[in-house]
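Listed below are the residues making up each chain.
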Amino acid sequence: MNTRFRTVLCTLLLTLALLSLGLEAAASTLNQNVSWTIDRAGTSTKYRVVAYGDSIYAGYNGSTINAAKYSAPTVDAEYLSALWNGDIESVRRAKSGAVASDVYSNKIVAERSYMQDSKTRVVTFEMCGNDGLQARSSFKSQTGTCNYSGMTTALNNCKTYVANAMDYINANAYAGVKLKVISNLYYPGYAADNVQSSCKDATTGATVNMQTTFLPYIAKMNYWMCEYARQKGFQCADNFAEFMGADYDFNGDG
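What you see is a predicted model; the values in this text were computed from it and never measured.

### Comments concerning the overall build of the chain
A count of helices and strands for the chain gives 9 helices and 8 strands. Intrachain contacts of the chain at a sequence separation of at least 6 include 82% that bridge at least 24 residues. For the chain, the exposed area adds up to about 11500 Å²; of that, 49% sits on carbon and sulfur atoms.

Structure (structure tokens):
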């Protein structure tokens, strides 16, 4: 594989994927199915980038009635057009608010024809953010004794459907695909979660810090995304490292 191509695509995905992320309500979903072609002058060669996911790839920007055109897949297509000197068709099959099982079943599997097209050269997907968001919301509303099972379920569902998605893409994507990528999660609301819970831990009898409670779960989700990627021939775009690290004030100027 062309190393420059791989580096460019993974960097774009991890630096651009989350520009449009919003925190949608757990019960609300919005399909965003878009095809957008970058028509480059002087060439008739066309390749396709197919992206499956939830709000991150849908271009969700806080409204349930519109979505950003320039979500990660479209920007990726523009860079690839320059890199390959060709027309690039960016295909988004995404659903804001969808949990991992929904993205897998109703996007990747049900809409597999988009990645089977002979023009396809890149297939990328992301999921699990809404599993985590819903588990976090549920935990925050708890009183009495803390119940961690919702977050454990979110983690296990994420692992299951990420692995299933990679296997399905490997089995069904066009044979000429050059790059397959998963984008992992960052932690929206990290600073705001540095507060105590309303529930109390069964062992200590004390409330727990929500930030330190949630962080290990997202870290485990991200670990398995990248580990499965290593095992199954995908690249892992590390959004967590890029976006959480970007919050650090390197020069101390505030």
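This is not the end of the story, as more comes after the structure.
### Thoughts on the packing of aromatic side chains
Taken as a whole, this structure holds 10 aromatic pairs when the rule is applied. Ring centres of Tyr104 and Tyr161 lie 5.8 Å apart, and the angle between their planes is 45 degrees; this geometry places the pair in the tilted category. Note that Tyr104 is positioned in helix H4 (residues 100-109) and Tyr161 in helix H7 (residues 149-172), a separation of 57 residues in sequence. Look at Tyr104 and you get buried, because its relative accessible area is 16%.

### Side note on the nonpolar core
Counting 44 residues, the largest nonpolar core has Ile108, Met115, Phe125, Met127, Cys128 and Val162 as the members making the most contacts within it. Among the elements of the structure, strand E2 (46-53), H4, strand E4 (120-125), helix H6 (129-140), H7 and helix H8 (210-232) are those that each provide at least two residues to this core. Here the element with the most residues in this core is H7; it accounts for 10 residues. The residues touching Met115, leaving out its near neighbours within four places in the chain, are Val50, Tyr52, Ile108, Thr120, Val123, Tyr168, Ile169, Asn172, Ala173 and Tyr174. By size, the runner-up hydrophobic cluster in this structure holds 9 residues, among which are Val49, Ile88, Val181 and Ala237.

### Quick word on the state of the cysteines
Scanning the model with the defined rule gives 3 disulfides in all. Paired through a disulfide, Cys226 and Cys236 show a sulfur-sulfur distance of 2.0 Å. Given an S-S torsion of about -45 degrees, the disulfide between Cys226 and Cys236 has left-handed geometry. One end of the pair, Cys226, is in helix H8; the other, Cys236, is in strand E8 (residues 235-237), and 10 residues separate them in sequence. Residue classification places Cys226 among the partly exposed positions, given a relative accessible area of 26%.

### Remarks on H7
Between its terminal C-alpha atoms H7 stretches 34 Å, which fits the 34 Å expected from 24 residues at 1.5 Å a residue. Every buried residue belonging to H7 is among Met151, Ala154, Leu155, Cys158, Val162, Ala163, Ala165, Met166, Tyr168, Ile169 and Asn172, and all of these are buried.

### Brief notes about the packing of H6 against H8
Running from amino to carboxyl end, H6 crosses H8 at an angle of 160 degrees, the nearest separation of the two axes being 12 Å. The orientation of H6 with respect to H8, classified from their angle, is roughly antiparallel. The way H6 lies across H8 gives a crossing that is right-handed. Taken together, the residues of H8 that come into contact with H6 (itself represented by Gly132, Arg136, Phe139 and Lys140) are Met210, Thr213, Phe214 and Met221.

### Some points on the pairing of E4
In terms of burial, E4 is largely enclosed, as 6 of its 6 residues are buried. Pairing geometry for E2 and E4, over 5 bridges, is parallel. By the bridge assignment for E4, Arg48 is matched with Thr120. In the sheet, E4 pairs with strand E5 (residues 179-183) via 4 bridges, with the strands oriented parallel. Bridging from a neighbouring strand, Thr124 pairs with Val181 of E5.

### Some points on the pattern of salt bridges
Applying the stated criterion to the full structure yields 9 salt bridges. The residue Lys107 makes a salt bridge to Glu111 at a minimum N-O spacing of 3.5 Å. Ionic contacts of the salt-bridge type, sharing partners, join the residues Arg93, Lys107 and Glu111 into one network.

### Overview of the side chain of Glu227
For Glu227, the position within the fold is in helix H8. Assessed through its relative accessible area of 15%, Glu227 is described here as buried. At a separation of 2.6 Å, a polar atom in the side chain of Glu227 contacts the side chain of Arg230.

### A few points about helix H3 (residues 72-84)
The terminal C-alpha atoms of H3, which comprises 13 residues, lie 18 Å apart, in line with the 18 Å expected from a rise of 1.5 Å per residue. Looking at H3, one finds that the buried residues are Ala72, Pro73, Thr74, Val75, Asp76, Ala77, Leu80 and Ser81. Phi for Asn85, located one or two positions after H3, is positive at around 50 degrees.

Criteria and thresholds
Residues numbered from 1 in each chain as written. Predicted model: local features only at pLDDT ≥ 70, side-chain atom pairs only at ≥ 80, totals over all residues. Heavy atoms only, no water. Helix = DSSP H or I, 4+ residues; strand = E, 2+ residues; numbered from the N terminus. Contact = heavy atoms within 4.5 Å. Areas by Shrake-Rupley, 256 points an atom, 1.4 Å probe, with all protein chains shown as cover. Phe/Tyr/Trp six-rings, centres within 6.5 Å; stacked < 30°, edge-to-face > 60°. Buried < 20%, exposed > 50% of the residue type's maximum accessible area, 1.4 Å probe, protein only. Core = buried A, V, L, I, M, F, W, Y, C linked by side-chain atoms within 4.5 Å. Disulfide = S-S within 2.5 Å. Expected span 1.5 Å × (residues − 1). Axes fitted to C-alpha atoms, helices over the stretch in contact; angles between N-to-C directions. Parallel < 35°, antiparallel > 145°, perpendicular 65-115°, else oblique. Left-handed = near helix turned anticlockwise from the far one by under 90°. Pairing = 2+ DSSP bridges. Salt bridge = Lys/Arg side-chain N within 4 Å of Asp/Glu carboxyl O. Polar contact = N/O pair within 3.5 Å; in protein donor to acceptor, adjacent residues only side chain to side chain.

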